[in-house]
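Structural characterization, general
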Amino acid sequence: MPGLQHEILHECTGKPDENGVRGKLQICRVTLGNAAVQPDYDSLAGPIILNSGHNMPRIGLGTWKSEKGQVRSAVYEAFKAGYRHVDCAAIYENEHEVGSALQQAFSEHLIRRQDIFVTSKLWNTHHNAERVRKACLKTLSDLQLEYLDLYLIHWPVTGNVGSEVVPSIQETWRAMEKLVKDGLVRSIGVSNFSVKKLQDILSYAEIPPAVSQVECHPYFKNEDMLQWCKSKEIHVTAYSPLGSPDSASMFKRKAPLLLQDSTVGAVASKMGRSPAQVLIRWALQHGTSVLPKSTSAERIKANLDVMGWELSHEDYHKLCNLPIQMRMVNGSFWLHLRGPYKNLHDLWDDNTSA
């Protein structure tokens, strides 16, 4: 067709089959003149193929700061709505609720274990090699699972005094690798690490990080992380895609709310979508998987309704160029004059602050 243009946005290869042939997945944009052609099938609906060879659904239910007693029903409602990815952490103190929801969904044949992707995270006080395994086993017990799809080091922090992190991240990573070798975990990665800290891990890793989970939204695009991870075949998952409005009091943050941004609102109004849906779709088009959080069955379902439509090139770039750029979850509670991180630059290895 005259004027039809085909642009490859992302390309990845899977593990070789028994004949040594590698499958290839291409995410493309087709345009006719200056107008995007809305495909019958949304190329972003398929899973991410991690460098470990495992598939990860692009949208997961976040469980951070969900009220106790509401997580079980939220996770169950998410499975009913079609979610196949749930993001957990030991420090959230609700993994037993997630486990209860999983067992209910299994018993009702709503989902099968092989069809879902469960992520958890190692807390700061368990970085010692012996504690890594114990922490993982505790999480598996609470979730009532035999293995995790993804296990992340939650922060590059242990709370020690001194100029270096102790135990070292290398010690912790070696223990994480052993979890994979022992079949307790399928993929490993990190959360809240800088590019520099990820580079350090790659210098000694036998199993490279599959995922870097970081804050990412139009008020903090985190472009350096995304570009570097893309070059190393490490996938980026975006947490707080709506700008983490419920953490403002925790960080004593005085900043505009992303959900109330006028540009976000204008795009949402034009598209006939909610601001949350626009922000989740932006995250997908930005190249990340994404973890919206809610305990409302209605919003849980709405947050998944982001396929089969897309932001135009113009609207996407409007959201990419909002003047505010700041971390909402800046980790300032880990700073200590006698510890490894005396200021935000030490923690993030850059000049961002909040």
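Look a little higher up for the structure.
The structure contained in this document is the topic of the report that follows. (Residues numbered from 1 in each chain as written. Predicted model: local features only at pLDDT ≥ 70, side-chain atom pairs only at ≥ 80, totals over all residues. Heavy atoms only, no water.)

Time to look at the overall build of the protein chain. Helices and strands together make up the secondary structure of the protein chain, namely 11 helices and 13 strands. Buried residues in the protein chain amount to 49% of all 354 residues. Excluding contacts between residues fewer than 6 apart, the proportion of contacts in the protein chain whose partners are at least 24 apart in sequence is 71%. (Helix = DSSP H or I, 4+ residues; strand = E, 2+ residues; numbered from the N terminus. Buried < 20%, exposed > 50% of the residue type's maximum accessible area, 1.4 Å probe, protein only. Contact = heavy atoms within 4.5 Å.)

Turning our eyes to something else, we now look at helix H3 (residues 129-143). Here H3 contains 15 residues, and its C-alpha end-to-end distance of 22 Å stays within 8% of the 21 Å for a straight helix at 1.5 Å per residue. Buried within H3 are the following residues: Val 132, Ala 135, Cys 136, Thr 139, Leu 140 and Leu 143. Each buried residue of H3 lies within a common arc of 135 degrees when the element is viewed along its axis, so the set occupies one face. Within H3, the exposed residues directed more than 90 degrees away from the buried face are Glu 130, Lys 134 and Ser 141. The N-cap of H3, judged by a side-chain oxygen 2.9 Å from the amide nitrogen of Glu 130 a few residues on, is Asn 128. A positive backbone phi angle near 60 degrees is found at Gln 144, which sits one or two residues after H3. (Expected span 1.5 Å × (residues − 1). Arc of directions from axis to C-beta. Polar contact = N/O pair within 3.5 Å; in protein donor to acceptor, adjacent residues only side chain to side chain.)

Turning to helix H1 (residues 71-81), its buried residues number three or more, namely Val 71, Ala 74, Val 75, Tyr 76, Ala 78 and Phe 79. Against the buried residues of H1 lie strand E6 (61-62), strand E7 (85-87), helix H2 (95-107) and helix H9 (297-304). Of the residues flanking the end of H1, it is Gly 82, one or two places downstream, whose phi is positive at about 120 degrees.

Moving on, we come to the pattern of salt bridges. Applying the stated criterion across every chain yields a total of 15 salt bridges. Put simply, Asp 149 and Arg 113 hold a salt bridge, and the shortest N to O gap is 2.9 Å. Residue Asp 149 is located in strand E9 (residues 148-153), and its partner Arg 113 is located in the loop between H2 and strand E8 (117-122); the two are separated by 36 residues in the primary sequence. Residue classification places Asp 149 among the buried positions, given a relative accessible area of 6%. The shortest N-O distance in the salt bridge between Asp 182 and Arg 133 comes to 2.8 Å. Taken together, the residues Asp 182 in the loop between helix H4 (169-181) and strand E10 (185-191) and Arg 133 in helix H3 connect sequence positions 49 residues apart. The class for Asp 182 is partly exposed, based on a relative accessible area of 35%. Since its relative accessible area comes to 35%, Arg 133 is described here as partly exposed. Counted as one network, the salt bridges with shared partners bring together Arg 133, Lys 178 and Asp 182. (Salt bridge = Lys/Arg side-chain N within 4 Å of Asp/Glu carboxyl O.)

Take Asp 305: it is sitting in the loop between H9 and helix H10 (313-320). In the structure, Asp 305 is positioned 223 residues away from Gly 82 in sequence and 10.0 Å away in space, judged by C-alpha atoms. When near neighbours in sequence (up to four residues on either side) are disregarded, Asp 305 contacts Arg 273 and Gln 277.

With that settled, consider the sheet that holds E10. As summarised here, the arrangement of the eight strands in space is E6-E7-E8-E9-E10-E11-E12-E13, forming an open sheet in which the pairing is parallel. Unpaired on one side and paired on the other, E6 and strand E13 (289-290) mark the two borders of the sheet. Running over the sheet, H3 touches E8, E9 and E10 and is turned about 135 degrees from E9. (Pairing = 2+ DSSP bridges. Axes fitted to C-alpha atoms, helices over the stretch in contact; angles between N-to-C directions.)

Another aspect to go through is the side chain of His 235. Among the structural elements, His 235 can be located in strand E12 (residues 235-239). Judged by its relative accessible area of 10%, His 235 is buried. Polar side-chain contacts of His 235 include one of 2.7 Å to the side chain of Ser 289. His 235 has contacts with Ile 48, Leu 50, Met 56, Ala 210, Val 211, Ser 212, Gly 287, Thr 288 and Ser 289, leaving out every residue within four places of it along the chain.

Enumeration according to the criterion identifies six aromatic pairs in this entry. Relative to Trp 334, the ring of Phe 333 has its centre 4.7 Å away and its plane inclined at 80 degrees; by these criteria the two rings are edge-to-face. Look at Phe 333 and you get partly exposed, because its relative accessible area is 39%. According to the relative accessible area criterion, Trp 334 is partly exposed, its value standing at 22%. One aromatic cluster in this structure is built from Trp 123, Trp 155, Phe 333, Trp 334 and Trp 348. In this structure, Arg 113 is placed above the aromatic ring of Tyr 147, and the distance from its NZ or CZ to the ring centre is 4.0 Å. A cation over a ring is seen here: Arg 327 above Trp 348, with NZ or CZ 3.8 Å from the ring centre. (Phe/Tyr/Trp six-rings, centres within 6.5 Å; stacked < 30°, edge-to-face > 60°. Lys NZ or Arg CZ within 6 Å of the ring centre and 35° of its normal.)

On their own, these measurements won't tell you what the molecule is for.
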